[in-house]
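Here are the chains, one letter per residue:
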Amino acid sequence: MTESPAQAFAAQLLAAMAKLGVRNFFLAPGARSQALAIAAGQLADAGKLDLNIRIDERGLGFVALGAALASGEPSVVITTSGTAVANLHPAVLEANHAGVPLILLTADRPHELRGVGANQTTNQIGIFNDAVRECLDVPAPNGHEGEAAEARELAAAAIAIALGYDGERPGPVQVNLAFREPLSAIEPDAAALNPRVALPEATTDEPTFAVLETAGQTVVVAGAGAGEDAVELAEAFGWPLFAEPNSGARFGANVVVGYRELLASSPLAQQISRVVIFGKPTLGRGVIALLKDPAVEVIVVNNRAYGHFDVTRRASQFCDELTVLEEPDFEWLAAWRAADALLQHNPATAGLSRAGIVQSVWAATGQDDQLLLGASRMIREADRWAPAKPIRVFSNRGLAGIDGTVATATGLALVEVRHQNEQGITRALMGDLTLLHDAGSLAYDRAEGDLNLQLVVVNDNGGSIFESLEPAQALAESNFDRLFRTPQSVDLWSLAQAYGWRHILVGSAGELDEALATRGRVLIEVIPA
Ligand SMILES: Cc1ncc(C[n+]2csc(CCOP(=O)(O)OP(=O)(O)O)c2C)c(N)n1
Ligand SMILES: [Mg+2]
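Cut-offs applied
- Residues numbered from 1 in each chain as written.
- Chains lettered and ligands numbered in written order.
- Predicted model: local features only at pLDDT ≥ 70, side-chain atom pairs only at ≥ 80, totals over all residues.
- Heavy atoms only, no water.
- Helix = DSSP H or I, 4+ residues; strand = E, 2+ residues; numbered from the N terminus.
- Expected span 1.5 Å × (residues − 1).
- Buried < 20%, exposed > 50% of the residue type's maximum accessible area, 1.4 Å probe, protein only.
- Arc of directions from axis to C-beta.
- Contact = heavy atoms within 4.5 Å.
- Pairing = 2+ DSSP bridges.
- Axes fitted to C-alpha atoms, helices over the stretch in contact; angles between N-to-C directions.
- Near = heavy atom within 4 Å.
- Polar contact = N/O pair within 3.5 Å; in protein donor to acceptor, adjacent residues only side chain to side chain.
- Areas by Shrake-Rupley, 256 points an atom, 1.4 Å probe, with all protein chains shown as cover.
- 1 Å grid on protein atoms, 1.4 Å probe; cavity = no way out; pocket = protein on both sides within 12 Å on 5 of 7 lines; lining within 4 Å.
- Sits in = over half its atoms within 2 Å of the grid points.
- Nonpolar A, V, L, I, M, F, W, Y, C, P; charged D, E, K, R; others polar.
- Donors = N, O, S within 2.8 Å, 3.2 Å for Na, K, Ca; no water.
- Right-handed = clockwise from strand over helix to strand, strands pointing away.
- Patch = residues over 30% accessible without salt bridge, like charges linked within 9 Å, V, L, I, M, F, W, Y side chains within 5 Å.
- Salt bridge = Lys/Arg side-chain N within 4 Å of Asp/Glu carboxyl O.
- Lys, Arg positive; Asp, Glu negative; His and termini not counted.
- Charge placed at Lys NZ, Arg CZ, Asp CG, Glu CD.
- Parallel < 35°, antiparallel > 145°, perpendicular 65-115°, else oblique.
- Left-handed = near helix turned anticlockwise from the far one by under 90°.

Colleague: What should I look at first to understand helix 10 (residues 331-342) in this one?
Modeller: Residues three or four positions apart in an α-helix share a direction because the helix packs 3.6 residues into each turn. Taking 1.5 Å of rise per residue, 12 residues should cover 16 Å, and helix 10 covers 17 Å from first to last C-alpha, within 8% of that figure. When helix 10 is considered as a whole, its buried residues turn out to be Trp 332, Leu 333, Trp 336, Ala 339 and Asp 340. Down the axis of helix 10, the buried side of the element spans an arc of 130 degrees, and every buried residue falls inside it. Residues of helix 10 that are exposed and point more than 90 degrees away from the buried face comprise Glu 331, Ala 341 and Leu 342.

Colleague: Even after reading the chapter, I still don't get helix 6 (residues 147-162), so can you show me in this structure?
Modeller: Helix length check: helix 6 (16 residues) gives 23 Å between terminal C-alpha atoms against 22 Å at 1.5 Å per residue, within 8%. Turning to helix 6, its buried residues are Glu 147, Ala 151, Leu 154, Ala 155, Ala 156, Ala 158, Ile 159, Ala 160, Ile 161 and Ala 162. Residues of helix 6 that are buried in the fold lie against helix 1 (5-19), strand 4 (102-108), strand 5 (135-138) and strand 6 (172-178). Following helix 6 by one or two positions, Gly 164 adopts a phi angle in the positive range, close to 75 degrees.

Colleague: Help me understand the sheet that holds strand 19 (residues 521-526) in this model?
Modeller: Consider a sheet: its strands pair through backbone hydrogen bonds, and that pairing is either parallel or antiparallel. Taken together, 6 strands build an open sheet; the order of strands is 15-14-16-17-19-18 and the sheet is parallel. Taken across any chain shown, the strands that pair with only one partner, and hence form the sheet edges, are strand 15 (392-394) and strand 18 (502-506). Direction aside, neighbouring strands of the sheet carry axes that sit 20 degrees apart on average. Pairing between strand 14 (residues 370-373) and strand 15: 3 bridges, direction parallel. Across the sheet, the residue bridging to Gln 370 is Arg 392, located in strand 15. Here helix 11 (residues 354-364) sits on the sheet and contacts strand 14, strand 15, strand 16 (426-431), strand 17 (453-458) and strand 19; the angle it forms with strand 16, its principal contact strand, is near 170 degrees.

Colleague: Got a minute to help me understand the site of ligand 1 in this structure?
Modeller: In the vicinity of ligand 1, 17 residues are found, and the nearest of them are Ser 376, Asp 432, Thr 434, Gly 462 and Ser 464. Between ligand 1 and Gly 462, the relevant distance is 2.8 Å, taken from an oxygen atom to a main-chain nitrogen or oxygen of the residue. One nitrogen or oxygen atom from the main chain of Ser 464 is found 2.8 Å from an oxygen atom belonging to ligand 1. Relative to its unbound accessible area of 590 Å², ligand 1 is 76% covered by the protein chains. Taking a 2 Å distance to the grid points as the criterion, the majority of the atoms of ligand 1 fall inside the second largest pocket. For the shell around ligand 1, the leading source of residues is helix 14 (residues 432-437), giving 4 residues. Split by residue class, the shell around ligand 1 holds 5 nonpolar, 8 polar and 4 charged.

Colleague: Looking at this structure, how should I read the coordination of the magnesium ion (ligand 2)?
Modeller: Tetrahedral metal sites with four donors have an ideal angle of 109.5 degrees; octahedral sites with six donors have ideal angles of 90 or 180 degrees. Taken together, Asp 432 (OD), Asp 460 (OD) and Gly 462 (O) make up the full set of protein donors to the magnesium ion (ligand 2), lying 2.0 to 2.1 Å away. Mapped onto the sequence, the donors of the magnesium ion (ligand 2) take the spacing D-x27-D-x1-G. Gly 462 carries the same exposure label as Asp 460, and that label is buried.

Colleague: Would you explain the pairing of strand 10 (residues 274-278) in this entry?
Modeller: The two faces of the sheet receive side chains in turn, since in a regular strand these alternate between them. Extensive coverage of strand 10 is indicated by the burial of 5 of its 5 residues. Residues Arg 274, Val 276 and Phe 278 line one face of strand 10 and the alternating positions Val 275 and Ile 277 line the opposite face, and both faces are buried. With 5 bridges joining them, strand 8 (residues 218-222) and strand 10 adopt parallel strand pairing. The residue of strand 10 that forms the bridge with Val 221 is Ile 277. Across 5 bridges, the pairing between strand 10 and strand 11 (residues 297-301) is parallel. Bridge pairing in strand 11 links Val 276 to Ile 299. In this fold, the crossover linking strand 10 to strand 11 by way of helix 9 (residues 285-292) has right-handed handedness.

Colleague: Help me out: how do you make sense of a negative patch on the surface in this one?
Modeller: A contiguous patch of negative charge, built from Asp 205, Glu 206, Glu 228, Asp 229, Glu 232, Glu 235, Asp 320 and Glu 321, is present on the exposed surface. For the negative patch, the element with the most residues is helix 7 (residues 228-237), which contributes 4 residues. Secondary-structure assignment places Glu 228 in helix 7.

Colleague: Help me out: how do you make sense of unusual backbone geometry in this one?
Modeller: Negative phi is the rule for most residues except glycine; trans is the rule for most peptide bonds. Note that the residue after Glu 181, namely Pro 182, is joined by a cis bond; omega there is 0 degrees. With respect to the helices and strands, the residue Pro 182 is situated in the loop between strand 6 and strand 7 (209-212). Residues other than glycine seldom take positive phi values, yet Ser 376 does so here, at roughly 90 degrees. Mapping Ser 376 onto the fold places it in the loop between strand 14 and helix 12 (377-385).

Colleague: What should I look at first to understand a nonpolar patch on the surface in this one?
Modeller: Together, Phe 209, Val 211 and Leu 325 make up a nonpolar patch on the protein surface, roughly 330 Å² of accessible area in all. For Leu 325, the position within the fold is in the loop between strand 13 (321-324) and helix 10.

Colleague: Got a minute to help me understand the packing of helix 3 (residues 57-71) against helix 13 (residues 405-418) in this structure?
Modeller: In a pair of packed helices, the angle between the axes and the distance between the axes together describe the arrangement. Here helix 3 crosses helix 13 at 45 degrees, and the two axes come no closer than 6 Å. As judged from the angle between their axes, helix 3 and helix 13 are oblique. Once helix 3 is placed against helix 13, the crossing between them reads as right-handed. Two secondary-structure elements touch here, helix 3 through Gly 59, Phe 62, Val 63, Leu 65, Gly 66, Ala 67, Leu 69, Ala 70 and Ser 71 and helix 13 through Ala 407, Thr 408, Thr 410, Gly 411, Leu 412, Leu 414 and Val 415. Class assignment of the residues belonging to the contact of helix 3 with helix 13 gives a composition of 10 nonpolar, 6 polar and no charged.

Colleague: Looking at this structure, I do not really get the packing of helix 1 against helix 6. What am I missing?
Modeller: Two numbers describe how helix 1 lies on helix 6: the axes approach to 8 Å, and their chain directions differ by 40 degrees. Accordingly, the angle class assigned to the pair helix 1 and helix 6 is oblique. The interaxial crossing formed by helix 1 with helix 6 has right-handed handedness. Judged by residue contacts, Pro 5, Phe 9, Gln 12, Leu 13, Ala 16 and Met 17 of helix 1 engage Glu 147, Ala 148, Ala 151, Arg 152, Leu 154, Ala 155, Ala 158 and Ile 159 from helix 6. Split by residue class, the contact of helix 1 with helix 6 holds 11 nonpolar, 1 polar and 2 charged.

Colleague: Explain the pattern of salt bridges here, please?
Modeller: A pair can form between side chains of opposite charge whenever their charged atoms are brought close. All chains considered together, the criterion is met by 16 salt bridges. Between Asp 137 and Arg 114 there is a salt bridge, with the nearest N and O atoms lying 3.4 Å from each other. Here the residue Asp 137 occupies a position in strand 5, and Arg 114 occupies one in the loop between strand 4 and strand 5, the gap between them amounting to 23 residues. The exposure class assigned to Arg 114 is buried, which follows from its relative accessible area of 19%. Each of Arg 377, Glu 381, Glu 467, Asp 481 and Arg 485 takes part in salt bridges that share partners, so that together they form one network.

Following this line, the structure appears as structure tokens:
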């Protein structure tokens, strides 16, 4: 028998999660969470789960988010009490808005030590407000009869909430676990337990259908989280498809690659009478302008991850599936394709233009690979230049922060290794400030071994996206630079060196293509033309 009810509870909880198929666990060290750390370590040593360790909870949260994005499974994050918990907030917000399942096991003082000034003790209940689906406040285990069963039920409940079994969107759930001393023991061995536990039934709502009389001058817009349903619909009814590069729908013959430009300048844009939206489009003003147009009917296809998208409050229908009674007429599509074909899609890549960088990255990325697009300028360049190609592209568009990009890419890569896809390369395309914002996430756990992880950093000396803002014209250049562009003077070679990453500075398109074939952890620095 263990002398620590805390340890017995932690062992049951984590063994039950592993038994229910949860695989990806993420831990930052701490004292209050020691029982959870020991139990996770035991299960990892026995091969029953994968445990990745980081010292910084902010990065840890995003590594967990990346793993959940790639796997579709909940990631479990273990932290100690106090500011450690608060450091998860950015990843929790992103997971909330993007519908990514995360289970946060936050250790806490027992209730008698709260509100009395005890060290490293704050109010952790409700700390994430409505960004978590639920916050479960679990009192300190005391060894009472039935406690093991309670731990197992808690495991099942947390997984079900994170996956949205209750009919809600998937997302983060906080399990705040109070622990009283003795905070740990080496027994029981969590790996030796074989808990009897089952998940509740998932509730599934009847899908809602929209039936349209006419095919009309319709376009399909696919934003973050859209997926191949958008492609199927567009192809079934002969509709042009405006698919953002991170939509999971930028492939097939209906994609209009140059839609941004055509929305701004082609007379075809004025003829659009209906828009069907999948996922959450975030990249261009052209789509929003279209949705505001009173002559355009807006139909929204419900999205389980991103939820309702109706920024202009003009949606006339929300549905799960959609059908059209009229036979498709492919002239409308043909007109868009002809207009698209007239656009310049292969600019003479004078050295390393941003268009050329996007095209090299797309050319290098195949079906075994994964691509993460950081926020800011390059994802918009990709929206303009990326060809239609069925590859796995991710981006944190829940809140479109520039934070956590290195960590998210790491989480994606860790899952690839677990699937033993050793061929695949995980690539992240980002700006220089985006890299520096998450520089701490370059620190990795040596036990992870080799990952094929490339950070392709477009170093243009600060936030060049802000050049499109009014102050870029209104302010003196020095003011604009200091207040907006914020160029840094960090030597990326030294940064990479310090964290044990390879660094390649590329000076030509040919060198970029070569660098994109590199294995291992590599920071590829590109200075755009
Ligand atoms: C966490 C967070 N802070 C601030 C912002 C606002 N922001 C958007 S883009 C950007 C600059 C990014 O610069 P860089 O990564 O160099 O990309 P570039 O546009 O130059 O390619 C900033 C600060 C944000 N999106 N997220
Ligand atoms: Mg930049």
